[in-house]
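Spelled out, the chains give:
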Amino acid sequence: MATTASPSATQRLRSIVGGSIGNLVEWYDWYAYSAFSLYFSKAFFPPADQTVQLLNAAAVFAVGFLMRPLGGWFMGRYADRHGRRNALTASVLLMCAGSLLIAITPSYASIGIAAPALLVIARMMQGVSVGGEYGASATYLSEMAGSAHRGFWSSFQYVTLIMGQLLALGVLLVLQRLLDVEALEAWGWRIPFVIGALCALVAVALRRGIVETSAFTLALKAHDARGSALASLLAHPRSVLTVFGLTAGGTVAFYTFTTYAQKFLVNTAGFTKADATLVSAGSLAIFMCVQPLVGALSDRIGRRPVLIAFGVVGTLGTLPMLTSLSHVRSNAAALALLTLALLVVSGYTAINAVVKTELFPTHVRALGVAFPYAIAVSIFGGTAEYLALWFKNMGHEVWFYWYVTACIAASLAVYATMPETRHSEVMEE
């Protein structure tokens, strides 16, 4: 196969930073919805008690997830045919449009049913965007990283993902200090979506300055871009099923202890909204810093041992962890428990992206990573919050604890039987 010039160390670092910052903005926009749903649920839905309104908001959150396979398919194909850089730029533009639509949509009191309808449309747009973003950014970071440190550099996808969530929580904390609850529920919740739309435009400019990966350039020369994407994907059935299986338990655990944890502390443990936000932000900050350490560890000992460790501890520890968290009363204790849970989840989050990219050849890599992942996240991650609230509304909240445990146990079976991918060559077919 012909060779092409590899990027210099400076170009590689600049491109990794540029791709990661765009990822940060995308996930800030995505998580701003969850962080502020405690305040805007009253604006978009008819009057009801808090759990019912949160259920409505969570249902719309799940709708966004249902669009992620569509985004994974089309953006993944686009990234494999027209380049990772172009796909990354397109996804962040779509996210910008979705955030802006949420920011300007009138309330239910003003336009009735049209308000939640527009909210659904905005979340559908964001779902397509995020569905494409994951595969394109995971592939881009893995292909730009050197083989010796691929786990370390790829972990920055979740560093920036978590940083995006932290920024959303940070904006919430600032607004909670500056505005009272009435102002936040009336109009203050719109501010983070305006910020997200503006930041997305900045991310577009940054992504235009990054270089395309050598792996994609080589694959474009070696393969006919007009070939069937479905046929290419079906040529790797084991890899597709592995991506789906290893994602299921990890994504349920991730969304349980990140996006849902804030509501869990308020709605179950009885914390104030401000205290729950503070605890969530603190645990996420530690969670973010751990990702590169776990990624670097996987470069030394392999991906499978790290995934298996998450699966075993997650299966055995989820029920006692959630039970303890439901009875906690102090901020310090809640922070300690939530941080401990997230340290376990790091065994999945830090390396799941690089494992998936190492399973596929270059010409179908973005699609192979994005599409089965998006389906699994839509089924398991997107519904986690809704199921938790639904079980609680029925008076059987502990059933959700068992559900999370079962999902992690199922993924553990995949981790135990999948091949080690650390030595896979992502630069060649």
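Residues numbered from 1 in each chain as written. Predicted model: local features only at pLDDT ≥ 70, side-chain atom pairs only at ≥ 80, totals over all residues. Heavy atoms only, no water.

1. Focus: the overall build of the protein
Turning to step 1, where the next piece is worked out: Scanning the protein from N- to C-terminus turns up 20 helices and zero strands.
Turning to step 2, where the next piece is worked out: Counting across all 429 residues of the protein, residues that qualify as buried make up 59%.
Turning to step 3, where the next piece is worked out: Here the contacts in the protein between residues at least 6 apart in sequence split such that 88% fall between residues at least 24 apart.
Turning to step 4, where the next piece is worked out: For the protein, the accessible surface area stands at approximately 15300 Å², while carbon and sulfur atoms represent 69% of it. (Helix = DSSP H or I, 4+ residues; strand = E, 2+ residues; numbered from the N terminus. Buried < 20%, exposed > 50% of the residue type's maximum accessible area, 1.4 Å probe, protein only. Contact = heavy atoms within 4.5 Å. Areas by Shrake-Rupley, 256 points an atom, 1.4 Å probe, with all protein chains shown as cover.)

2. Regarding the confidence of the model for the protein
Turning to step 1, where the next piece is worked out: Taken over all residues, the pLDDT of the protein has a mean of 84, while the share at 70 or more is 89%.
Turning to step 2, where the next piece is worked out: Confidence drops under a pLDDT of 50 for residues 1-5, and excluding neighbours within four residues, the segment shows nine contacts in the predicted structure. (pLDDT = per-residue confidence, 0-100.)

3. Focus: the environment of Trp 153
Turning to step 1, where the next piece is worked out: Assignment of secondary structure puts Trp 153 in helix α7 (residues 150-154).
Turning to step 2, where the next piece is worked out: You can call Trp 153 partly exposed: its relative accessible area is 24%.
Turning to step 3, where the next piece is worked out: Residues Trp 153 and Pro 292 lie 139 residues apart in sequence; the distance between their C-alpha atoms is 7.3 Å.

4. Looking at the pattern of salt bridges
Turning to step 1, where the next piece is worked out: With the rule as written, the count across this model stands at six salt bridges.
Turning to step 2, where the next piece is worked out: When the shortest N-O distance is used, the salt bridge between Glu 358 and Arg 303 registers 2.7 Å. Taken together, the positions of Glu 358 in the loop between α18 (352-357) and α19 (365-394) and Arg 303 in helix α16 (residues 303-327) put the pair 55 residues apart, joining distant regions of the chain. Neither residue differs from the other here; Glu 358 and Arg 303 are each classed as buried.
Turning to step 3, where the next piece is worked out: By sharing partners, the salt bridges in this structure join Arg 150, Asp 299, Arg 303 and Glu 358 into a single network. (Salt bridge = Lys/Arg side-chain N within 4 Å of Asp/Glu carboxyl O.)

5. Here we look at the side chain of Ser 346
Turning to step 1, where the next piece is worked out: Examined against the element boundaries, Ser 346 turns out to sit in helix α17 (residues 331-349).
Turning to step 2, where the next piece is worked out: Not counting the four nearest positions on each side in its chain, Ser 346 is found in contact with Phe 287, Val 290, Gln 291 and Val 294.

6. A word on the side chain of Ser 129
Turning to step 1, where the next piece is worked out: With respect to the helices and strands, the residue Ser 129 is situated in helix α6 (residues 114-144).
Turning to step 2, where the next piece is worked out: Classification of Ser 129 by relative accessible area gives buried; the value is 0%.
Turning to step 3, where the next piece is worked out: Beyond its immediate chain neighbours, meaning those up to four positions away, Ser 129 contacts Glu 26, Ser 91, Val 92, Leu 94 and Met 95.

7. Brief notes about helix α20 (residues 398-417)
Turning to step 1, where the next piece is worked out: The terminal C-alpha atoms of α20, which comprises 20 residues, lie 30 Å apart, in line with the 28 Å expected from a rise of 1.5 Å per residue.
Turning to step 2, where the next piece is worked out: Among all positions in α20, only Phe 400, Tyr 401, Val 404, Thr 405, Cys 407, Ile 408, Ser 411, Leu 412, Val 414 and Tyr 415 are buried.
Turning to step 3, where the next piece is worked out: Along its buried surface, α20 packs onto α13 (237-257), α14 (259-267), α16, α17 and α19. (Expected span 1.5 Å × (residues − 1).)

8. What about the nonpolar core?
Soluble globular proteins tend to pack their nonpolar side chains together in the buried interior.
Turning to step 1, where the next piece is worked out: Of all hydrophobic cores here, the largest spans 111 residues; its most connected members are Trp 189, Tyr 255 and Phe 400.
Turning to step 2, where the next piece is worked out: Looking at which element gives the most residues to this core, the answer is helix α1 (residues 9-44), with 13 residues.
Turning to step 3, where the next piece is worked out: With ten residues, the next largest nonpolar core counts Ile 16, Leu 88, Met 144 and Ile 210 among its residues. (Core = buried A, V, L, I, M, F, W, Y, C linked by side-chain atoms within 4.5 Å.)

9. Quick notes on the packing of aromatic side chains
Turning to step 1, where the next piece is worked out: One pass over the full model with this rule turns up 23 aromatic pairs.
Turning to step 2, where the next piece is worked out: Ring pairing ties together the aromatic residues Tyr 33, Phe 40, Phe 44, Trp 189 and Phe 193, which thus form one cluster.
Turning to step 3, where the next piece is worked out: We note Arg 123 situated over the ring of Tyr 33; from NZ or CZ to the ring centre the distance is 4.3 Å.
Turning to step 4, where the next piece is worked out: Seen from the ring of Tyr 39, Lys 273 lies directly overhead, with NZ or CZ sitting 5.0 Å from the centre. (Phe/Tyr/Trp six-rings, centres within 6.5 Å; stacked < 30°, edge-to-face > 60°. Lys NZ or Arg CZ within 6 Å of the ring centre and 35° of its normal.)

10. Considering α16
Turning to step 1, where the next piece is worked out: Over its 25 residues, α16 runs 35 Å from end to end, which matches the ideal 36 Å to within 8%, given 1.5 Å per residue.
Turning to step 2, where the next piece is worked out: Maximum bend of α16: about 50 degrees, positioned at Gly 317, with proline Pro 320 one to four residues after it. (Bend = angle between axes of the 7 residues up to and from the residue.)

11. Some points on a nonpolar patch on the surface
Turning to step 1, where the next piece is worked out: Taken together, Tyr 386, Trp 390, Met 394, Val 398, Trp 399 and Trp 402 make up a surface patch of nonpolar side chains, about 610 Å² in accessible area.
Turning to step 2, where the next piece is worked out: At the level of secondary structure, the elements contributing two or more residues to the nonpolar patch comprise α19 and α20.
Turning to step 3, where the next piece is worked out: Examined against the element boundaries, Trp 399 turns out to sit in helix α20.
Turning to step 4, where the next piece is worked out: On the basis of relative accessibility, which here comes to 43%, the residue Trp 399 falls in the partly exposed class. (Patch = residues over 30% accessible without salt bridge, like charges linked within 9 Å, V, L, I, M, F, W, Y side chains within 5 Å.)

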